[in-house]
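Here are the chains, one letter per residue:
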Amino acid sequence: MSATYALEMESITKVFPGVRALDDVTLRVKPGTVHALMGENGAGKSTLMKCLFGIYKEDGGTIKLNGEVCHFKDSHDALKRGVSMIHQELSNVPERSVAQNLYLGREPLKSFGIIDHKKMNEDTADLLKRLEIDIKPERRIGSLSISMQQTCEIAKAVSYNSKVVVMDEPTSSLTDNEVAHLFKIIRQLREQNVAIVYISHKMEEIFAIADEVSVMRDGKMIGTYQTEELTNDKLISLMVGRDANLRFPTVSSTIGDVLLKVENLCSPNPRSFQDVSFELRRGEILGIGGLVGAQRTELMEAIFGVRATSSGKISLKGEEISSMSPRKAIEHGMGMITEDRRGSGIFPLMNISSNTSIASLREYLSKLGLLKHKELKQASVRYNEALRTKTPTMETLIQNLSGGNQQKVIISRWLMTLPDILIMDEPTRGIDVGAKFEIYQIMSQLAQQGKAIIMVSSEMPELIGMSHRVMVLCSGRCTGILDKSECSQENIMRLATKFM
Ligand SMILES: Nc1ncnc2c1ncn2[C@@H]1O[C@H](COP(=O)(O)OP(=O)(O)OP(=O)(O)O)[C@@H](O)[C@H]1O
Ligand SMILES: [Mg+2]
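Keep in mind that what you see is a predicted model, and the values were worked out from it rather than measured.

1. A few points about the packing of aromatic side chains
Okay, so step 1: Here the structure, examined in full by the defined rule, presents 5 aromatic pairs.
Okay, so step 2: Between Phe248 and Tyr440, the aromatic rings sit 5.0 Å apart at their centres with planes inclined by 35°, giving tilted as the arrangement. Of this pair, Phe248 sits in the loop between helix H8 (232-240) and strand E11 (258-266) while Tyr440 sits in helix H15 (residues 433-448), and the two are 192 residues apart along the sequence.
Okay, so step 3: For Phe248, a relative accessible area of 31% corresponds to the partly exposed category.
Okay, so step 4: The class for Tyr440 is buried, based on a relative accessible area of 2%.
Okay, so step 5: When the centroid spacing of 5.0 Å and the interplanar angle of 85° are considered together, the rings of Phe437 and Tyr440 count as edge-to-face. Highlighted residues: Phe437 and Tyr440, both in helix H15, separated by 3 residues, approximately one helical turn. In terms of burial, Phe437 and Tyr440 fall into one category: buried.
Okay, so step 6: Lying across the ring of Tyr103, Arg106 places its NZ or CZ 4.7 Å from the centre.

2. Remarks on the packing of helix H5 (residues 146-159) against helix H6 (residues 176-191)
Okay, so step 1: Following both chains from N to C, one finds H5 and H6 inclined at 5°, their axes separated by 12 Å at the closest point. By the criterion of interaxial angle, the relationship of H5 to H6 is roughly parallel. In this structure, H5 uses Ser147, Met148, Ile154 and Val158 to contact H6, whose residues at the interface are Glu178, Leu182, Ile185 and Leu189.
Okay, so step 2: Along the lines of polarity and charge, the residues of the contact of H5 with H6 split into 6 nonpolar, 1 polar and 1 charged.

3. A closer look at the nonpolar core
Okay, so step 1: With 89 residues, the main nonpolar core has Ile186, Tyr198, Val213, Leu235 and Met443 as its most contacted residues.
Okay, so step 2: Here this core gets 9 residues from one element, more than from any other, and that element is H15.
Okay, so step 3: For this core, the two domains that each supply at least three residues are domain 1 (7-240) and domain 2 (258-496).
Okay, so step 4: Core analysis: the next-biggest nonpolar cluster, separate from the first, contains 30 residues, Phe304, Leu316, Met334 and Met336 among them.

Conventions and cut-offs
- Residues numbered from 1 in each chain as written.
- Chains lettered and ligands numbered in written order.
- Predicted model: local features only at pLDDT ≥ 70, side-chain atom pairs only at ≥ 80, totals over all residues.
- Heavy atoms only, no water.
- Phe/Tyr/Trp six-rings, centres within 6.5 Å; stacked < 30°, edge-to-face > 60°.
- Helix = DSSP H or I, 4+ residues; strand = E, 2+ residues; numbered from the N terminus.
- Buried < 20%, exposed > 50% of the residue type's maximum accessible area, 1.4 Å probe, protein only.
- Lys NZ or Arg CZ within 6 Å of the ring centre and 35° of its normal.
- Axes fitted to C-alpha atoms, helices over the stretch in contact; angles between N-to-C directions.
- Parallel < 35°, antiparallel > 145°, perpendicular 65-115°, else oblique.
- Contact = heavy atoms within 4.5 Å.
- Nonpolar A, V, L, I, M, F, W, Y, C, P; charged D, E, K, R; others polar.
- Core = buried A, V, L, I, M, F, W, Y, C linked by side-chain atoms within 4.5 Å.
- Domains from an automatic or database assignment.

Following this line, the structure appears as structure tokens:
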């Protein structure tokens, strides 16, 4: 007889210096179900899964697989026993091919121990075909887009014929179509009686795919629920466990003079943004809508001077800036929170204090040119407190924070520079639901102080709830700028798909 549970983690405890990351946590997952693991940033979700995979050694508790006590030495060991994981951070070897990455450490061998590349490529091609993933096995994995690489990770997990598959925020960089595809794969796995642990901050995904939901808070397991017995609000209150203000703040700012003017901006790449014009005024929050691939990030990077333009003009406070660079942008009071915060924003071996204050050092120099350490530190504490960054101390290395908390530090860094113009690219991706609203509050305050914000977002409620106007891009072109009164999901979608 097979056991009731595919996976049982019982009374797991894990302590890091200064944090009890897991406190007597029990999780039981049935075969053939999708089991969502929810909780705020730093609640302990990734840590629990890392204990399962032997990446961390738990301080107490037992792990059972199919009713049998087991303990994995490392993720390789886990894979061999039919347990695989798609990590929050990509973990492939960029220089190697897709097939080599899929078969890393278990390459098919010919006699004399030579790797059988032909078989490896054939097997990979079969697997990708079965999963309807259109990628060549020979492609260098590093040359694929992040979302394609993510899809390869998913294929890899499936390729082990695992009985338990853990997915830690698998959709954070997937397009809507890719998410739909992933869900199809997940449903197939479920039919094959695989147990899936699914971690995500996207509520609508949970209601679309999960059978059961376990909620963690501050290292403790709050409970396990059937998805049907939950509503959005109930789930949120279980997660945050406090009165969180989950309403969009009213942005009652005065719209002033033009801070940024973009005229007919074109990318040298004909497939990227072309002929984009808009104005951004003091006190304004301008949302940028569009589907993934609409070239929104590319446009923002060009405005910030990271990317070249072939023609068009950018003016800041009435002054035309020729050949924009990030340095010029920052000098003129612009700041940018990038989409890929963990990849491009973090100094892993520095503490939170330094990671927060590094972009503001100039504003904290005394007349004699000395750094005002105390004020600098106080300011970084203030911003991280506002965003509820969960950390034992400000001296903790940023690499020891949970994924979402690392992002909060980077957002604090740019807020602290008090930019006149702040570009925020997908500001709340990977951020828990409570902190999202803290970010909206801060955006609203900035607008009230006469600053201006550009917010690129794929989340409709956020675009509609926060923006004074929404500019929509489709295939690199501006297909319309909607006033607040015209900002509806339908109108945005219509413009976002205009050329499709
Ligand atoms: N290697 C580590 N050293 C010290 N503390 C750690 C380490 N890894 C995690 N922690 C701490 O353990 C707690 C739980 O972190 P974990 O990464 O499990 O959160 P999470 O629920 O996955 O959050 P997120 O949604 O942000 O990914 C956090 O307070 C974090 O700072
Ligand atoms: Mg995590």
